[in-house]
Structures are given as structure tokens and as C-alpha cells.
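Chains, contacts and geometry: an overview
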Amino acid sequence: IMFDWNGGTLIVVGFTSSLVLFLLRRYFKGGQFREDVSAAGKVAVVTGANTGIGLETAKELNLRGAKVYMLCRTESRALAAQAELVKGGCDASRLIYIHCDLTSKESVRKCAAELTKRESHIDILVNNAGMWAGGYEKTRDGHEITWQSNHLGPFLLTELLLPLVENAKKGRIVNVSSILHASSTALDMATIDAQEKFSVEMAYNNSKLANVMHARELTRRLRSKGNTIVTVNALHPGVITTEITRNMALGMKTLLKLGRFMMKTAKDGAQTSLYLALSQEVETVSGAYFADCHRKEESRLARDDLACKQLYDYSLKAVSLA
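A brief report on the enclosed structure follows.

So, how was this worked out
- Residues numbered from 1 in each chain as written.
- Predicted model: local features only at pLDDT ≥ 70, side-chain atom pairs only at ≥ 80, totals over all residues.
- Heavy atoms only, no water.
- Helix = DSSP H or I, 4+ residues; strand = E, 2+ residues; numbered from the N terminus.
- Buried < 20%, exposed > 50% of the residue type's maximum accessible area, 1.4 Å probe, protein only.
- Contact = heavy atoms within 4.5 Å.
- Pairing = 2+ DSSP bridges.
- Axes fitted to C-alpha atoms, helices over the stretch in contact; angles between N-to-C directions.
- Right-handed = clockwise from strand over helix to strand, strands pointing away.
- Parallel < 35°, antiparallel > 145°, perpendicular 65-115°, else oblique.
- Left-handed = near helix turned anticlockwise from the far one by under 90°.
- Nonpolar A, V, L, I, M, F, W, Y, C, P; charged D, E, K, R; others polar.
- Expected span 1.5 Å × (residues − 1).
- Polar contact = N/O pair within 3.5 Å; in protein donor to acceptor, adjacent residues only side chain to side chain.
- Phe/Tyr/Trp six-rings, centres within 6.5 Å; stacked < 30°, edge-to-face > 60°.
- Salt bridge = Lys/Arg side-chain N within 4 Å of Asp/Glu carboxyl O.

Looking only at helices and strands, the chain features 10 helices and eight strands. Looking at the chain as a whole, 52% of its 322 residues qualify as buried. Taking all contacts inside the chain whose residues are at least 6 apart in sequence as the whole, residues at least 24 apart take part in 77%.

As C-alpha cells, this is what we get:
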């Protein structure tokens, strides 16, 4: 529609531009979890729940009625996040902070012991916390910090809490991975902690590949011993500017800022985690990979069953469980 007078033309152009921007923004938001599913009476555990998509995941689970354990590394930030959630309508009595530093096996074990004392079962475990390292660094346990924070720490936590998840009627484990898992090369356990040829990008990609492989192999092991109830799935939350970017190079940060319009918010990024934690559509699906609340094909390396088994066996030894 066009008008002969300038005012009418400007109105049409302005309306069209606004509509295009609205539709683009809606597209970039990605899949949304809209099922009216209650989480009343459920016990949920979310790592990294003080910020970003972890905070949004904890919030929505609590608002739907779940008791949510917020596993965080820094107490002051966890308590500040709790206060923020309560202001947003969450029930303070169902938000519990427990200290957990995924870069420390001792801390993870203490956290798991505390949860085991408090609860007889866990319905939902969301391995959400992750990091992008600023450079090469080893933990006190002797592992490259990204590898331990993003894989070995969550792996150990999952193993220690697995009996509680198995005690739930329909236990669910959710691993927050990334589409960057497809950019990883084959994992070499002999050099995974080595500084030679280290890059922060590949360290992150390797850990995200391990998250997907972990879900696949744990599913196989559960099914092999007759457990057909517990589900374990991995996901890509989308491209989101959260605190994980704080250690990225300046150039990468600048690109992310320039592309902010095309990125998801933290709330948008939490949707697939919530979908896997609560949706009736996936209550029997396990060992799969999702994005935007839909099943996607994981990388070829992530589908290598022998490599998945080898990674699991290595991980058990690395966290002193074998």
C-alpha cells in the first residue's frame, strides 16, 4: 500500500519495518516450551542456577511447583539469585542453595552427600553449569579446568546422584551441551588434559561433545540393567550472551554484542532444558540430542558407540569411581 502524501508513506514503511523486526525477533527466540505441566512435589537439582539459563530454569521449575536445589560455586551470588527469584514470584521455601564447585571432586562429593541426606529421590537433574576458560589452567585434581568443569564434574555429580534419580517415579537427567560439540575432533583421553596444542575453543567443544556422549552411553548402561524409566538427554540451548562469555577474547565478545538482536535471551535458552525436564512428549526418549524443543541429529562422533563407552570408562577412573 502506498500513499501520495509523505506522511502516509512513512506510516506504511514504519509499520512494515516494525512487523519485519517483530517476526525476526520471534524467529530468533527459537522453540518455546508451552505445555501446561505441573512440577508440584518434584525435586529438581540445577547446577549453575545463579545466572543465565540456569537461573531461568530454576525459576520456571519453582514456579511450576518443584523444590529446586540451586548448586552454585559462590554463596553470595547464589543467595542474591535466590532473592531475585523470590521477587519474581518464586517460593523461597522451595529454593535451596548448596555449594558445589564442579572443578573440585571433593566439593562435588560433599554436595552429593548433602543432597543424599536431604532427599530420598531426585526427579530432575539439570547439568547446566559450564565455563569457557580464559586460557590453559589445571585444577587441583590435575585436570584441564574446562574439561573438569564441563564434563568430569557433572559426570561425577550424576554418578553420585544416580541412585536418587533411579528412586524417582520418572527420573530425568538433562545435559546442557552445545551445537559446538559438532566442531570437536575425536577425543583423545591420553592428551585431554595436556597443554600442548591447547586452545580454549577446542577445550570447550570437546567438553560439549562429551556431554552428548555421556547421555548416550548412560542411557545404554541403564537400559542394559533393565532400567527403562530414567531418561538422559543432551541439548543445545541456542546462541546466548550469558556470563559464560566473560573469558572470551575481545573480538569474539564484540561479535556477540553486535549480533545480540539475533541471539536468544537466557529465558529463551532455558526452554529446551525445561522441555526435556517436564514434557510428556519425551518421557520415554533417552540418549538423544535436542535443540529448540525438537530432536536433532548429533554429530557423527557423538554417535560412535565404542567411543562413548571408552569415554565413560575413562571418566569413571578419572573421578575415582573405578
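Position of glutamate 84 among the secondary structure elements: in helix H3 (residues 75-87). Judged by relative accessible area, which is 47%, glutamate 84 ranks as partly exposed. The spatial distance from the C-alpha of glutamate 84 to the C-alpha of leucine 55 is 9.6 Å, given a sequence separation of 29 residues.

Let's shift gears to the sheet that holds strand E8 (residues 294-296). The mixed open sheet is built from eight strands, whose spatial order is E3-E2-E1-E4-E5-E6-E7-E8. Sheet topology places strand E3 (95-99) and E8 at the edges, where each strand pairs with a single neighbour. Across the sheet, the mean angle from the axis of one strand to that of its neighbour is 25 degrees, orientation sign disregarded. Its contacts with the sheet put H3 on strand E2 (67-72) and E3, and the angle it makes with E3 is roughly 170 degrees. Helix H4 (residues 105-118) rests against strand E1 (43-47), E2 and E3 of the sheet, and its axis sits at about 145 degrees to E3.

What follows deals with the pairing of E3. Counting buried residues in E3 gives four out of five residues, a clear majority hidden from the surface. The pairing of E2 with E3 spans five bridges and is classified as parallel. Directly across from valine 68, in E3, lies its bridge partner leucine 95. Following the chain from E2 across H3 to the adjacent parallel E3, one finds a crossover that is right-handed.

Relative to each other, H4 and helix H5 (residues 145-167) sit at 25 degrees, their axes nearing to 10 Å. Between H4 and H5, the crossing angle belongs to the class labelled roughly parallel. Seen along the crossing, H4 lies across H5 with a hand that is right-handed. Here H4 contributes Lys105, Val108, Arg109, Cys111, Ala112, Leu115 and Thr116 to the contact with H5, which in turn contributes Gln148, Gly153, Leu156, Leu157, Leu160, Leu161 and Leu164. Each residue belonging to the contact of H4 with H5 can be placed in one class, and the counts come to nine nonpolar, three polar and two charged.

Take helix H6 (residues 200-224) next. The end-to-end C-alpha distance of H6, which contains 25 residues, comes to 36 Å, matching closely the 36 Å that a straight helix rising 1.5 Å per residue would cover. Across the 25 residues of H6, 19 count as buried, placing the element largely inside the fold. Directly beyond the C-terminal end of H6, a positive phi value near 90 degrees is found at glycine 226.

By the element assignment, asparagine 233 lies in strand E6 (residues 231-236). Reaching out from asparagine 233, the side chain makes a polar contact with the backbone nitrogen of glycine 287 at a distance of 3.3 Å. Here the side chain of asparagine 233 touches alanine 288 through a polar contact of 2.9 Å, landing on its backbone nitrogen. Discounting residues that sit within four places of it in the chain, asparagine 233 has contacts with Ile173, Val174, Asn175, Ala215, Leu276, Val285, Ser286, Gly287, Ala288 and Phe290.

If you walk through the whole model with that rule in mind, you get six aromatic pairs. Taking the centre distance of 5.1 Å and the plane angle of 75 degrees together, the rings of tyrosine 136 and phenylalanine 198 count as edge-to-face. Of this pair, tyrosine 136 sits in the loop between strand E4 (124-127) and H5 while phenylalanine 198 sits in the loop between strand E5 (172-176) and H6, and the two are 62 residues apart along the sequence. Every member of this aromatic cluster is reached through a ring pair, and the members are Phe33, Tyr275 and Phe290.

Following the sequence through the fold, glycine 88 ends up in the loop between H3 and E3. A residue is classified by how much of its surface remains accessible, and glycine 88, at 39% relative accessible area, is partly exposed. Distance from glycine 88 to leucine 63, taken between C-alpha atoms, is 9.3 Å for residues 25 residues apart in sequence. Those residues in contact with glycine 88 that lie beyond four places of it in its chain are Lys59 and Leu63.

Under the definition given, this model contains 16 salt bridges. Notably, a salt bridge pairs arginine 94 with aspartate 91, separated by 3.4 Å at the nearest N-O pair. On the basis of relative accessible area, aspartate 91 is assigned to the partly exposed category, the value being 30%. Because the salt bridges share partners, they merge into one network encompassing Glu217, Arg220, Arg221, Lys309 and Asp313.

With that settled, the discussion passes to the environment of valine 285. Here valine 285 lies in the loop between helix H9 (271-278) and strand E7 (289-291). Between the C-alpha atoms of valine 285 and threonine 219, which are 66 residues apart in sequence, the distance is 9.7 Å. Not counting the four nearest positions on each side in its chain, valine 285 is found in contact with Thr231, Asn233, Phe290 and Arg295.

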